Amino acid sequence: MLVLVGIIAALFILLIGGTWLSNHFGKKNARNEEEKENVNVALDCCGAHEVCDFEEMLKNPDEIVYYEDEELDRFQGIDSNAYQDDQIDEFRDVLYTLDSEDIRKWLLSIERRKIQLPTVLKQEAIQLLADA
């Protein structure tokens with residue numbers, strides 16, 4: 001009988017020790033991962049990082065982010081209805097290679113660079129934003 005009580009007590013102590021170690025080291029690792037994840041997030045961010053990044057861009061109107069589309073700068077000042085088919089295809093190539101979360105930022109970028117999106121691509125861009 002004493003052997004049985006001893007075995008139960010030993011198992012109980014192992015269970016408590018294992019739980020404590022798991023909680024102690026598990027929380028530590030979770031905190032480290034959370035700290036790594038939150039390094040670049042603003043303190044007042046709501047948690048929707050895409051929205052916060054976009055709002056941060058809006059706060060700094062002088063900031064222009066390029067999406068490997070520097071060649072589009074030659075279209076500054078051209079009316080959105082004046083593009084030729086091959087020029088529209090250049091815009092379309094950039095638009096369709098962007099991640100869905102970068103489309104809004106790219107549209108803001110070309111607007112700040114005084115580049116008008118071709119009229120025929122405006123609806124496509126709206127559809128891609130809606131699908132994202």
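Residues numbered from 1 in each chain as written. Predicted model: local features only at pLDDT ≥ 70, side-chain atom pairs only at ≥ 80, totals over all residues. Heavy atoms only, no water.

Scanning the protein chain for helices and strands turns up five helices and zero strands. N-terminal to C-terminal, the α/β element order of the protein chain is α-α-α-α-α. Going through the 132 residues of the protein chain one by one, you find that 23% of them count as buried. Residue pairs at least 24 apart in sequence account for 72% of intrachain contacts in the protein chain once pairs closer than 6 positions are excluded. When the accessible area of the protein chain is evaluated, it comes to approximately 9800 Å², of which 56% is carbon and sulfur surface. (Helix = DSSP H or I, 4+ residues; strand = E, 2+ residues; numbered from the N terminus. Buried < 20%, exposed > 50% of the residue type's maximum accessible area, 1.4 Å probe, protein only. Contact = heavy atoms within 4.5 Å. Areas by Shrake-Rupley, 256 points an atom, 1.4 Å probe, with all protein chains shown as cover.)

A word on the side chain of Gln 87. Inspection of the secondary structure assignment puts Gln 87 in helix H3 (residues 85–97). Residues in contact with Gln 87, not counting those within four places in the same chain, are Phe 75 and Ala 82.

Our next topic: the confidence of the model for the protein chain. Any residue range with low pLDDT should be treated as having predicted coordinates unsuitable for detailed reading. The pLDDT averaged across the protein chain works out to 78; a share of 71% of its residues lies at or above 70. Element-level mean pLDDT values for the protein chain span from 56 in helix H2 (residues 49–59) up to 94 in H3. Here residues 36–45 scores under 50 on pLDDT; set against residues more than four positions off or in separate chains, the count is three contacts. (pLDDT = per-residue confidence, 0-100.)

Attention now goes to the environment of Gln 87. Among the residues examined, Gln 87 registers a relative accessible area of 18% and is labelled buried. Spatially, the C-alpha atom of Gln 87 lies 9.0 Å from that of Leu 72, the residues being 15 residues apart in sequence. A polar contact of 2.9 Å, which involves the side chain of Gln 87, links it to the backbone nitrogen of Gln 84. (Polar contact = N/O pair within 3.5 Å; in protein donor to acceptor, adjacent residues only side chain to side chain.)

Further remarks concern H3. With 13 residues, H3 extends 18 Å between its outermost C-alpha atoms, agreeing within 8% with the 18 Å of an ideal straight helix rising 1.5 Å per residue. Of all the residues in H3, the buried ones are Gln 87, Ile 88, Phe 91, Val 94 and Leu 95. Projection of H3 onto a plane perpendicular to its axis shows the buried side chains occupying an angular sector of 120°, all on one side. Of the residues in H3, the exposed ones pointing more than 90 degrees away from the buried face are Asp 85, Asp 93 and Thr 97. Where the residues of H3 are buried, they touch helix H4 (103–112) and helix H5 (119–131). (Expected span 1.5 Å × (residues − 1). Arc of directions from axis to C-beta.)

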